[in-house]
Number of protein chains: 2
Amino acid sequence: MNDSTNILPRSVFMDMDRSGPMPLYYQVASRIEAAIHDGELRPGARIENEIALGERLGLSRPTIRRAIQELVDKGLLVRRRGIGTQVVQGKVTRDLELTSLYEDLARGNKHPKTRLLLHEVTEADGELAESLAVEKGSPVLHLRRLRTADETPVAILENFLPEPFIDIGESELVDHGLYQVLRGRGVTMRIARQRISARSATTEEAALLGISRQGALLTMDRTAFDNAGVAVEWGHHCYRPDLYSFEATLVNR
Amino acid sequence: MNDSTNILPRSVFMDMDRSGPMPLYYQVASRIEAAIHDGELRPGARIENEIALGERLGLSRPTIRRAIQELVDKGLLVRRRGIGTQVVQGKVTRDLELTSLYEDLARGNKHPKTRLLLHEVTEADGELAESLAVEKGSPVLHLRRLRTADETPVAILENFLPEPFIDIGESELVDHGLYQVLRGRGVTMRIARQRISARSATTEEAALLGISRQGALLTMDRTAFDNAGVAVEWGHHCYRPDLYSFEATLVNR
DNA sequence: TAGTGGTCTAGACCACGAA
DNA sequence: TCGTGGTCTAGACCACTAC
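Treat the numbers as computed from the prediction; the structure is a model and nothing was measured.

A.B. asks: Explain helix H1 (residues 24-38) of chain B to me, please; I cannot follow it from the model alone.
C.D. replies: Think of an α-helix as turning once every 3.6 residues; residues three or four places apart then point the same way. All names here are of chain B. Over its 15 residues, H1 runs 21 Å from end to end, which matches the ideal 21 Å to within 8%, given 1.5 Å per residue. Looking only at H1, the buried set comprises Leu 24, Tyr 25, Gln 27, Val 28, Ala 29, Arg 31, Ile 32, Glu 33, Ala 35 and Ile 36. Buried residues belonging to H1 abut helix H2 (50-57), helix H3 (61-73), strand S3 (77-80) and strand S4 (84-87). Of the residues flanking the end of H1, it is Gly 39, one or two places downstream, whose phi is positive at about 90°.

A.B. asks: What should I look at first to understand the pattern of salt bridges in this one?
C.D. replies: Per the stated rule, a full pass over the model turns up 28 salt bridges over all chains. Residue Glu233(A) pairs with Arg222(A) through a salt bridge whose shortest N-O separation is 3.6 Å. Of this pair, Glu233(A) sits in strand S10 (residues 231-239) while Arg222(A) sits in strand S9 (residues 216-226), and the two are 11 residues apart along the sequence. For Glu233(A), a relative accessible area of 0% translates into the label buried. In this structure Arg222(A) comes out as buried when scored by relative accessible area, which is 13%. Two residues, Glu50(B) and Arg79(B), come together in a salt bridge whose shortest N-O distance is 2.4 Å. Here the residue Glu50(B) occupies a position in helix H2, and Arg79(B) occupies one in strand S3, the gap between them amounting to 29 residues. Each member of the pair, Glu50(B) as well as Arg79(B), carries the same accessibility label: buried.

A.B. asks: Would you mind showing me how to read the side chain of His236(B) here?
C.D. replies: Residue and element names in this part refer to chain B. Its place among the elements puts His 236 in strand S10 (residues 231-239). Taking the relative accessible area as the measure of exposure, His 236 reaches 17% and is therefore buried. A distance of 3.2 Å separates polar atoms of two side chains, one belonging to His 236 and the other to Arg 199. Looking at His 236, its side chain comes within polar contact range of the side chain of Asp 221, at 2.4 Å. Setting aside chain neighbours within four positions, we find His 236 in contact with Ile 156, Leu 157, Glu 158, Arg 199, Thr 219, Met 220 and Asp 221.

A.B. asks: I'm lost on the environment of Leu157(B) in this one. Help?
C.D. replies: Residue and element names in this part refer to chain B. Mapped onto the elements, Leu 157 comes out in strand S7 (residues 152-161). According to the relative accessible area criterion, Leu 157 is buried, its value standing at 7%. Sequence separation between Leu 157 and Ile 211 is 54 residues; the distance between their C-alpha atoms is 16 Å. Residues within four places of Leu 157 in sequence aside, it is in contact with Leu 143, Arg 144, Arg 145, Arg 147, His 236 and His 237.

Rules behind the numbers
Residues numbered from 1 in each chain as written. Chains lettered and ligands numbered in written order. Predicted model: local features only at pLDDT ≥ 70, side-chain atom pairs only at ≥ 80, totals over all residues. Heavy atoms only, no water. Helix = DSSP H or I, 4+ residues; strand = E, 2+ residues; numbered from the N terminus. Expected span 1.5 Å × (residues − 1). Buried < 20%, exposed > 50% of the residue type's maximum accessible area, 1.4 Å probe, protein only. Contact = heavy atoms within 4.5 Å. Salt bridge = Lys/Arg side-chain N within 4 Å of Asp/Glu carboxyl O. Polar contact = N/O pair within 3.5 Å; in protein donor to acceptor, adjacent residues only side chain to side chain.

As structure tokens, then:
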């Protein structure tokens, strides 16, 4: 540990709760992450090694190690054997300038609403049946919704749900998001496999979204699975690209 | 462990190498993943609990646990406390039908080529300087390339690299990808923060990519960091959406 | 040579779900 | 009540890096 090592103040790790349900590694990771966002740990700063940090906090090395690993997986820290652990050099906040409207939407300041364009039960064709891992021809709920925020149309959402969910009513979907409805039925989404691309809007889509004819659309196709590994939903979404984008942080291991 | 538990044949775990550099948890994870892809472990199948698997293989529980966790993070397995570990119900192969051309590109069957449209050293403006964490006005290498596959234009790639790389020559970039050139200099990419969206092509872009005027483009803005956490590249890429898409598997924890 | 992270072991106790 | 995964401990040895 050399001079450039940044010793986190003890105060960062106050109020650790050993009796509550929140894991210790999670508490440690959260506090380090907060220190990074608050600027207490600057980009490029080195932090103490695992053992020293563990002794200071009265925690074992595996616990500290897991806390740090969480932040490595998030792309906030970088570790090198023989060197140490450093904060990534790059502003963690928006790395691209956002349009103000998108920022508003993302922050949830606007009022989201849903207009139900289609709500019917049909039979799964071959491709859909394969995606949802159900029998071909089995009943599925087919939804098409227009999502708006502060009266501005943002996206057209088309979804198919397998048999256990074909009784989801129209009224539920106007007041709540689809995932919210599913959560109300005790279904928690665990895995989403998605493909993102783009295409030109059809005349109908352009009219619904209030963009120019054949304007560019951002599209996402997704299959979602619950915590039992069962496919719960297949969807094709298209977004106004001026109001929506996908962010991702990839970490090579 | 009940009757539906799927006992992996011992043969799946043969040839484990305890002396080589490949970690044991990685060897175990690879073998289970192969069993899933080969159909030995079918969707929905339960696998043995961690302790039983560890005893069978002569490995400790943490090692087995880590192997399984790798596959959970990949979205191949689902774990539930009190229940067990199961294979996710969904074909692991392409979950959406691909155009044959995209598939060819993705599989690397086609011959990728690069045409260098621009290669100059400029000064970083405020926004770029912030993205790369360099001084405003410091020299950066500005690249613009047209990527083709089998003579078909696929993407326009615009990149900016900070000072240590401004001497990258034109000839290197024609024969090799940018990341390949960087790897040759001992730089390994570790983290990429990217935003994906879409927009209409400009007249010039449409001509370069061979698509219709104002056709839809898939765009990606990215900042990449090396294993020391230092920003190495900022790029804005735009892809022909009929030939390219982004896949991602998200896992809620 | 000293310090770092990467891997591995052998236990322990707990929370949750099913029977 | 039992079996499962979730968490935590206290060590050990090794590989890599800087000095």
